[in-house]
Amino acid sequence: MALEVCVKAAVGAPDKLGDCPFSHRVLLTLKEKGIPHEMHFINLSDKPQWFLEISPGGKVPVLKFDDKWVGDSDVIVGILEEKYPDPSLKTPPEFASVGSNIFGSFSTFLKSKNASDGSEEALLNELKALEEHLKAHGPYIAGEKISGVDLSLGPKLYHLEAALGHFKKWTVPENLTCVHNYMKLIFSRQSFVETKAAKEYVIAGWAPKVNA
């Protein structure tokens, strides 16, 4: 029986998949594990009452396990790993936090109106740290095999590429070759291609935050 999962609908297109990297992470996990699932697109600017009853905080993603709705992508992927252990997507504990500050640094830099506030440098430092890690351990964060940490970081790097390219005409420096190869590797996986939001919806999702 297919699992039910609520994910963000696209801004301005309520019948299309929206730009939430946490929803994307859960969909990637379901695809990589080959778990049948049915998506419900939630318009976060006009949340239906039935959704607020299962997710009182109004947040996505939420996934239904054994008649109980569960929120928080960390919790959801943990349960999926437990209930569907094959193929394993467990990340070795020593690699679990690799790249974990990139999304926050990207978001700060994207919203920054001050070129000398250090936000670009902070993001570059995080990307350089990822570069060094991938040089030593790549092509994926935990080596030859994709794992949960990649399914979390991949959608965030996709947002970084789309939003910074559009709003700041900024790209990951060419000399970070391992990061570029890593992004290509993740973005070209069939599971990623099938579960990503279109770039225009990623840009539409960030626009209000950038222009605030």
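Residues numbered from 1 in each chain as written. Predicted model: local features only at pLDDT ≥ 70, side-chain atom pairs only at ≥ 80, totals over all residues. Heavy atoms only, no water.

Colleague: Break down the UniProt feature "domain: GST C-terminal" (unreviewed entry) in the protein chain for me, citing the residues and quoting the values.
Modeller: The positions UniProt marks with the feature "domain: GST C-terminal" (unreviewed entry) are residues 66–212. Taken end to end, residues 66–212 has its terminal C-alpha atoms 41 Å apart, with 61% of it in helix and 3% in strand. (UniProt positions renumbered as here; feature names shortened; annotations may be inferred. Helix = DSSP H or I, 4+ residues; strand = E, 2+ residues; numbered from the N terminus.)

Colleague: Before we move on, can you summarise the layout of surface pockets with the specific residues and values?
Modeller: Taken as a whole, the largest pocket encloses approximately 540 Å³ of empty space. Around the largest pocket sit 26 residues that line it, and R25, D74, V77, G148 and S152 are the ones nearest its centre. Those elements giving two or more residues to the lining of the largest pocket turn out to be α1 (21–32), α3 (73–83) and α6 (148–167). Residue contributions to the lining of the largest pocket peak at six residues, all from α6. (1 Å grid on protein atoms, 1.4 Å probe; cavity = no way out; pocket = protein on both sides within 12 Å on 5 of 7 lines; lining within 4 Å. Points joined across faces, edges and corners; volume = space filled by probe spheres on them.)

Colleague: Requested: an account of the nonpolar core, with residues and values cited.
Modeller: If you look at the biggest cluster of nonpolar residues, it comprises 40 residues, and the most contacted ones within it are F106, L123, L127, I141, L157, L160 and W170. Looking at this core, the elements that each hand over two or more residues are α4 (102–111), α5 (119–137), α6, α7 (177–187) and α9 (199–210). Counting residues per element, this core draws most heavily on α6, which supplies nine residues. Setting aside chain neighbours within four positions, we find L160 in contact with I102, F106, L123, G165, W170 and V172. Counting 14 residues, the second largest nonpolar core, distinct from the first, contains L3, V26, L63 and V77. (Core = buried A, V, L, I, M, F, W, Y, C linked by side-chain atoms within 4.5 Å. Buried < 20%, exposed > 50% of the residue type's maximum accessible area, 1.4 Å probe, protein only. Contact = heavy atoms within 4.5 Å.)

Colleague: Talk me through the pairing of strand β4 (residues 62–65); I want residue IDs and the actual numbers.
Modeller: Consecutive side chains along a regular strand alternate between the two faces of the sheet. As paired elements, strand β1 (residues 3–10) and β4 share two bridges and run antiparallel to each other. Note that in β4 the partner of C6 across the bridge is V62. The antiparallel hairpin formed by β4 and strand β5 (residues 68–71) contains two residues in its connecting segment, where D66 sits at a positive phi of about 45°. (Pairing = 2+ DSSP bridges.)

Colleague: Could you give me a rundown of the domain arrangement of the protein chain, with the residues and numbers involved?
Modeller: According to the domain assignment, the protein chain contains domain 1 (3–83) and domain 2 (93–211). Its C-alpha centre places domain 1 at a distance of 22 Å from the equivalent point of domain 2. At the junction of the two partners, domain 1 supplies 17 residues and domain 2 supplies 19 residues. At the junction of domain 1 with domain 2, the criterion picks out two salt bridges. (Domains from an automatic or database assignment. Salt bridge = Lys/Arg side-chain N within 4 Å of Asp/Glu carboxyl O.)

Colleague: Would you mind going over empty space enclosed by the protein in detail, with residue names and values included?
Modeller: Applying the stated rule across the entire model yields one cavity of 30 Å³ or more. As a volume, the largest cavity reaches approximately 40 Å³. Taken together, G18, D19, C20, P21, H24, P155, Y158, H159, A197 and V202 make up the full set of residues lining the largest cavity. Listed by contribution, the elements that provide at least two residues to the lining of the largest cavity are α1 and α6. It is α6 that provides the largest number of residues to the lining of the largest cavity, a total of three residues. Of the residues in the lining of the largest cavity, the class split is six nonpolar, three polar and one charged. The residue makeup of the lining of the largest cavity includes at least three contributed by each of domain 1 (3–83) and domain 2 (93–211). (Nonpolar A, V, L, I, M, F, W, Y, C, P; charged D, E, K, R; others polar.)

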